[in-house]
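Observations on the model geometry
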Amino acid sequence: MTAAKKLTEAETILARIQSTGNDFQPELVNFVKTMHDVFSHLLDEYNKKFDLKIERVGFDKFKVKAKKLGKIDAIRFLIWYEKEYRQIRDDEDCGYLLDKCHQAVSDAKTVNACSILLGKAKNLVYHAYENF
């Protein structure tokens, strides 16, 4: 599955969150999982695009393999990806949703954070598709 399809899935989940009442904790958990999937699927797509042939791709594996193979385009992508991903993770409005140990609360602030996170993830994915 592509990162773009995961974004669509996240949009659908966010729409359900926005249409429910105050208790949307199960949907919130699903949304956060899907957002993590967006980032991992994007990395996997570029693993394939740059022909790195990494099983169960992760950031560190991508970095080591790209350097080992001397794939300059893959290294450029990874430098950009890391910078953009860290900016999203460090964003005080929405980055906390990506913390593995965080328990988000079902409230209006969280719904807004989900919208912001989705928007930032879309920008990252579409920028990657257009430029790498």
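Shown above is the structure to which this text applies.
The following paragraphs examine the structure supplied in this document. In this text, all values refer to a predicted model and were calculated from it rather than measured experimentally.

The rules behind the values
Residues numbered from 1 in each chain as written. Predicted model: local features only at pLDDT ≥ 70, side-chain atom pairs only at ≥ 80, totals over all residues. Heavy atoms only, no water. Helix = DSSP H or I, 4+ residues; strand = E, 2+ residues; numbered from the N terminus. Buried < 20%, exposed > 50% of the residue type's maximum accessible area, 1.4 Å probe, protein only. Contact = heavy atoms within 4.5 Å. Areas by Shrake-Rupley, 256 points an atom, 1.4 Å probe, with all protein chains shown as cover. Lys, Arg positive; Asp, Glu negative; His and termini not counted. Charge placed at Lys NZ, Arg CZ, Asp CG, Glu CD. Polar contact = N/O pair within 3.5 Å; in protein donor to acceptor, adjacent residues only side chain to side chain. Salt bridge = Lys/Arg side-chain N within 4 Å of Asp/Glu carboxyl O. Expected span 1.5 Å × (residues − 1). Core = buried A, V, L, I, M, F, W, Y, C linked by side-chain atoms within 4.5 Å.

**Things to note about the overall build of the chain**
Scanning the chain for helices and strands turns up five helices and zero strands. The dimensions of the chain, computed from C-alpha atoms along their principal axes, are 50 × 25 × 25 Å. Here the chain holds 132 residues, and 41% of them are scored as buried. Pairs at least 24 apart in sequence give 58% of the contacts found in the chain among residues at least 6 apart. Of the accessible surface of the chain, which amounts to about 7700 Å², a share of 51% is contributed by carbon and sulfur atoms. Separation between the mean location of the 22 positive side-chain charges and that of the 20 negative ones in the chain comes to 8 Å.

**Some thoughts on the environment of Lys120**
Tracing the backbone shows Lys120 in helix 5 (residues 108-131). Taking the C-alpha atoms as reference, Lys120 lies 16 Å from Ile13; in sequence the two are 107 residues apart. What Lys120 contacts, discounting residues up to four positions off in sequence, is Ile88, Asp91 and Cys94.

**Notes on the side chain of Asp37**
Locating Asp37 in the fold gives a position in helix 2 (residues 25-49). A distance of 3.3 Å separates a polar atom in the side chain of Asp37 from a polar atom in the side chain of Lys6.

**Here's the deal with the pattern of salt bridges**
Counting across every chain of the model gives twelve salt bridges. For Lys6, the salt bridge is made with Asp37, and the minimal N-O distance between the two is 3.3 Å. Highlighted residues: Lys6 in helix 1 (residues 3-19) and Asp37 in helix 2, separated in sequence by 31 residues. Accessibility expressed as a relative area gives 15% for Asp37, which makes it buried. The partner of Asp51 in a salt bridge is Lys53, with the nearest N and O atoms 3.9 Å apart. For Asp51, a relative accessible area of 40% puts it in the partly exposed group. The exposed category is assigned to Lys53, whose relative accessible area is 64%.

**Details of helix 4 (residues 72-90)**
In this model, helix 4 (19 residues) spans 27 Å end to end at C-alpha, consistent with the 27 Å of a helix rising 1.5 Å per residue. Residues of helix 4 that are buried include every one of Ala74, Phe77, Leu78, Trp80, Tyr81, Glu84, Tyr85 and Ile88, and no others.

**Brief notes about the nonpolar core**
Formed by 42 residues in total, the largest nonpolar core has its most connected members in Phe31, Met35, Leu42, Phe62, Phe77 and Tyr81. Of all the secondary structure elements, the ones that give two or more residues to this core are helix 1, helix 2, helix 3 (59-69), helix 4 and helix 5. With sequence-adjacent residues up to four places away left out, Phe77 is seen in contact with Leu42, Leu43, Tyr46, Phe50, Phe62, Ala128 and Phe132.

**Details of the side chain of Asn47**
Turning to its location among the elements, Asn47 is positioned in helix 2. Contact partners of Asn47, with chain neighbours within four places excluded, come to Leu52, Lys53, Ile54, Val57 and Phe62.

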